[in-house]
Amino acid sequence: MCLIPINISKFWLLILPAVLAALNCKGQDERKRPPAIDPGWVYFNSRDGYCKTPFGAVPAGATINMRFLAKEGSLQSVALQVVKTTIFGNNQSAAHANYGSFPMEKQGLTNGQDIFEASFALNDPCLYGYYFKLTGAVGETGSYCNNTTAVQVPNVQIRGTGGLGELIASDKAVAYYTLTVYDPGLQMPAWTQDMVIYCIFPDRFKNGNKSNDPVVGVRKFYGAKNIEFHTNWCDPEPYVPGDGKSDSEYCNDFYGGDLDGIIQKLDYIRDLGANVIYINPIFQAPSNHKYDTQDYLTIDEGFGTLDTFKNLVAESKKRGLRIILDTSLNHCGSDSIYMDRYGKYHSNGAFENEKINTNSPYAEWFEWNRNARTPDRMYSQWANPTLAKLREVDSYKNFAYRGKNSVMKYWLSLGIAGWRMDVTPWKSDDFWRDWRKELKKDYPDCLTIAEAWFDASKYFTGDMYDSTMNYIFRAAALNFARGGSVSSTTEALEMLRENYPKPVFHVLMNLVSSHDVPRALFELGYKKYGATNYIEMRKRLLLCFALQFTYPGAPAIYYGDEVGMTGGADPMNRGPYPWKEDGGNYGDFSLIDSVKKLSRLRRENPALIAGDLRMLPGDKNILAYERMDGKSRIVVAMNNAHEPKTFRADNGRPGWKILADGAGDSVSTGDNGDFIIQPAGYLVLKAN
Ligand SMILES: [Ca+2]
Ligand SMILES: [Ca+2]
Ligand SMILES: [Ca+2]
């Protein structure tokens, strides 16, 4: 009982495979039937400006132009079919409601191909899908639709990257192209335009105040259970049941990190180039991860006091740093003042001493099973009995985000800059709509960040979220840095650029590590401190960092990645930062300089922040793109091969200045725009 999930994301894994298998089978078989129309006769590419303008997501009401090409005389008609798409849960399924059919007119000929055209506008901000229904010269039929290319992100299913599609025999197994139509008023707060985010798991970042450390025997964990405390801060491996060091509990072991620790390191964080700090939950809660909230309006006693928090906000502000907090409105702890399962608190809990208490002001926040025989089964849960699922009732909404002193607004009133919301897909879209309206009404400058691992377009039409933790970026970056195919990295990144509104694309939280996934170095292959492959893996980690800092969106550094921390699945990805003054002996502090250089490079070259992006033809090992604004043009090229590769900038156009050379020894082979990029090296070039 009372096992807190060590890795929240493990729950996502539990429920997925069966659903996905059922969804896929029928469609896959149907798609295999050979189409009667020759695929070689037709062409459409959603990312090709000839075929579709404007590029990508569009504001509601904007005119959209589509062109479809087919071998002269091969098709009688092309009809653009548009649907409204609803995505359910964690992208487990979707519904597509017919919206309209737009016949495409034949508008002449180009290179032996008929041009079919349609212009139309979509007026409701929401997620649309489309495909083309084709009728051949002798009446044969087919559908041209999105591809089913997969993007490999843990725990979610992502298929269909846009761009080039596929011709299939019928319209029964159509994969829709995504067309995100957003509110023309969608705007990001001005301050979010150049974010560099530092991410902190507070129990493990820095112990700045030993007097608030959780004390074994005093602090209790669910009922009367004990906690565990690491007396050696620099023990890089958190306890796991069964490791010989731990008891049988996950998540009850503490290191003593706190808000004072963060305050002491604000200069350090600022000097890295960060201007935003995202902190995992800090409200009173039994576990070390604190997603099992006990009291949403109190700072955890192990992290500090309200005054410490106010001091953190004030000291951050002095240094140009903003704070983003994290919480779950989907579940709270069963050991909380709202449930009071263990009868510990003065509050009138809804599950006081394991009895359903209808007199509690919180009773309707939870869903009860009155016939259950054991306490564990008497209330709805998220993942396990420690996490009581919260209902979307008015009294809870008032408490959580509507009232002036609601959870969301209370912390905003104390100066935080925004919220990252845990397990976003488990609340209804209407919940988030109401939530956003309330937040933006009083705090128009606050930033809202989802935790959605799939293509989160549905959240970005202007009524729910501004940004998300970008696990798709992470997958793409790690795939490339590991030596994987450039084309699959490009497909994943281009899918985001196409499907997300441009204002959103520039504020995505582009991470490569987080508290929910193995650290980047671990994923790349450096699994244990001291392993001999460090030098190689360090270079590959720098490829990830370089991509973060030169690509649109906010680079997000998970604490300790900048000193070469490694660690696998939770809790190993939550090791303590090896501060030298705390006896740290497993950090590579020389790596910090490389991160600082990259953040300086970004700051000094506004094109890297706000400039447009265009992918460049690289090769199977070279990922290349350019960033340009009205003033400058910057080209980034990275080599993930084990041998040097030649990159030709701009068809051999001469006159490039090297802004950054990741390997330190890449060379230009002359004044023809040819550069040799070393293995796992990168170049950032600026056009003279
Ligand atoms: Ca333990
Ligand atoms: Ca402490
Ligand atoms: Ca009580």
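Residues numbered from 1 in each chain as written. Chains lettered and ligands numbered in written order. Predicted model: local features only at pLDDT ≥ 70, side-chain atom pairs only at ≥ 80, totals over all residues.

Some words on the overall build of the protein chain
For the protein chain, the helix and strand inventory stands at 14 helices and 36 strands. Compactness check: the protein chain gives a C-alpha radius of gyration of 26 Å against a globular reference of 26 Å for 688 residues, within 12% of the reference. With the C-alpha coordinates of the protein chain rotated into their principal frame, the extents come out at 80 × 65 × 45 Å. In the protein chain, buried positions account for 50% of the 688 residues. For the protein chain, the share of sequence-separated contacts (at least 6 apart) that also reach a separation of at least 24 residues comes to 70%. (Helix = DSSP H or I, 4+ residues; strand = E, 2+ residues; numbered from the N terminus. Rg over C-alpha atoms; globule rule 2.2 N^0.38 Å. Buried ≥ 20, exposed ≤ 12 C-beta atoms within 10 Å, placed from the backbone. Contact = placed C-beta atoms within 7 Å.)

As for the sheet that holds strand β23 (residues 384-389)
Read from one edge to the other, the open sheet built from three strands follows the order β21-β23-β22, with strand pairing classed as antiparallel. One side of each edge strand has no neighbouring strand; the edge strands of this open sheet are β21 (331-333) and β22 (381-382). (Pairing = 2+ DSSP bridges.)

What about helix α9 (residues 486-499)?
Its 14 residues give α9 an end-to-end C-alpha distance of 20 Å, which sits within 8% of 20 Å, the value for a rise of 1.5 Å per residue. Buried within α9 we find Val486, Thr489, Ala492, Leu493, Met495, Leu496, Arg497, Glu498 and Asn499. On its buried face, α9 sits against β11 (177-182), α8 (471-481), α10 (502-505), β29 (612-616) and β30 (622-628). (Expected span 1.5 Å × (residues − 1).)

Things to note about the domain arrangement of the protein chain
In terms of domain boundaries, the protein chain breaks down into domain 1 (13-182), domain 2 (197-329 + 391-603) and domain 3 (611-687). Relative placement of domain 2 and domain 3: their C-alpha centres are 32 Å apart. The interface is formed by 19 residues belonging to domain 2 together with 18 residues belonging to domain 3. Those elements that place two or more of their residues in the side of domain 2 that touches domain 3 are α8, α9, α12 (534-550) and α13 (591-604). The class makeup of the residues in the side of domain 2 that touches domain 3 is eight nonpolar, five polar and six charged. (Domains from an automatic or database assignment. Nonpolar A, V, L, I, M, F, W, Y, C, P; charged D, E, K, R; others polar.)

Some details on the nonpolar core
Of all hydrophobic cores here, the largest spans 182 residues; its most connected members are Ile197, Val276, Ile277, Ile324, Leu543, Cys544 and Ala637. When neighbours within four sequence positions are excluded, Ile197 is seen to be in contact with Ala274, Val276, Tyr278, Met509, Ala554 and Ala556. (Core = buried A, V, L, I, M, F, W, Y, C linked by C-beta atoms within 7 Å.)

Remarks on unusual backbone geometry
In this structure, Pro54 follows Thr53 across a cis peptide bond, with omega equal to -10°. Relative to the elements of secondary structure, Pro54 occurs in the loop between β2 (52-53) and β3 (58-59). With omega at 15°, the peptide bond leading from Asp570 into Pro571 counts as cis. Counting through the fold element by element, Pro571 comes out in the loop between β28 (554-558) and α13. Look at Tyr222: it is not a glycine, yet its phi comes out positive at around 50°. Note on placement: Tyr222 falls in the loop between β13 (220-221) and β14 (225-226). The backbone of Ala680 shows a phi angle near 55°, a positive value even though the residue is not glycine.

Some thoughts on the pairing of strand β4 (residues 63-71)
Sheet topology places strand β1 (residues 42-43) next to β4; two bridges connect them, and they run antiparallel. From the neighbouring strand, Val42 faces β4, where its bridge partner is Ala70. As paired elements, β2 and β4 share two bridges and run antiparallel to each other. Residue pairing across strands places Thr53 opposite Asn65, the latter belonging to β4.

Description of the environment of Asp295
Looking at the element boundaries, Asp295 is found in strand β19 (residues 295-299). With 17 C-beta atoms counted inside 10 Å, the residue Asp295 sits in the partly exposed group. On a C-alpha basis, the gap between Asp295 and Leu387 in space is 13 Å, while along the polypeptide they are 92 residues apart. Excluding anything up to four places from it in sequence, Asp295 contacts Phe283, Gln284, Ser336 and Ile337.

So, the packing of α8 against α9
Their axes nearest at 8 Å, the elements α8 and α9 cross at an angle of 160°. Viewed along their axes, α8 and α9 adopt a mutual orientation that is roughly antiparallel. For the crossing formed where α8 meets α9, the hand is left-handed. Contact residues: Ile472, Ala475, Ala476, Asn479 and Phe480 in α8; Val486, Ser488, Thr489, Ala492, Leu493 and Leu496 in α9. Of the residues belonging to the contact of α8 with α9, the class tally is eight nonpolar, three polar and no charged. (Axes fitted to C-alpha atoms, helices over the stretch in contact; angles between N-to-C directions. Parallel < 35°, antiparallel > 145°, perpendicular 65-115°, else oblique. Left-handed = near helix turned anticlockwise from the far one by under 90°.)

Describing helix α4 (residues 306-318)
Here α4 contains 13 residues, and its C-alpha end-to-end distance of 19 Å stays within 8% of the 18 Å for a straight helix at 1.5 Å per residue. Residues of α4 that are buried include every one of Phe309, Leu312 and Ser316, and no others. End-on, the buried residues of α4 take up no more than an arc of 55°, which puts them together on one face. Relative to its buried face, α4 has exposed residues pointing more than 90 degrees away, namely Leu306, Asp307, Ala314 and Lys318. Following α4 by one or two positions, Gly320 has its phi on the positive side, about 75°. (Arc of directions from axis to C-beta.)

Quick notes on the pairing of β29
Here five bridges tie β29 to β30, and the two strands are oriented antiparallel to one another. When the sheet's bridge partners are listed, Leu616 is paired in β30 with Ala624. Taking the residues that link successive antiparallel strands as the turn, the β29-β30 hairpin has five residues.

Describing the sheet that holds strand β32 (residues 645-648)
Spatial ordering of the open sheet is given by β32-β35-β34, a layout of three strands whose pairing is antiparallel. One side of each edge strand has no neighbouring strand; the edge strands of this open sheet are β32 and β34 (667-668). As paired strands, β34 and strand β35 (residues 674-677) are joined by two bridges and run antiparallel to one another. Across the sheet, Ser668 pairs through a bridge with Phe675, a residue of β35.

Looking at the packing of α12 against α13
The description of two helices packed together rests on the angle between their axes and the distance between the axes. Running from N to C, α12 and α13 cross one another at 20°; their axes reach a closest spacing of 10 Å. Between α12 and α13, the interaxial angle falls into the category roughly parallel. Seen from above, α12 lies across α13 with right-handed handedness. On α13, the residues touching Arg538, Leu542, Phe545, Ala546 and Phe549 of α12 are Leu591, Ser594, Val595, Leu598, Ser599, Leu601 and Arg602. A per-class count over the contact of α12 with α13 returns eight nonpolar, two polar and two charged.

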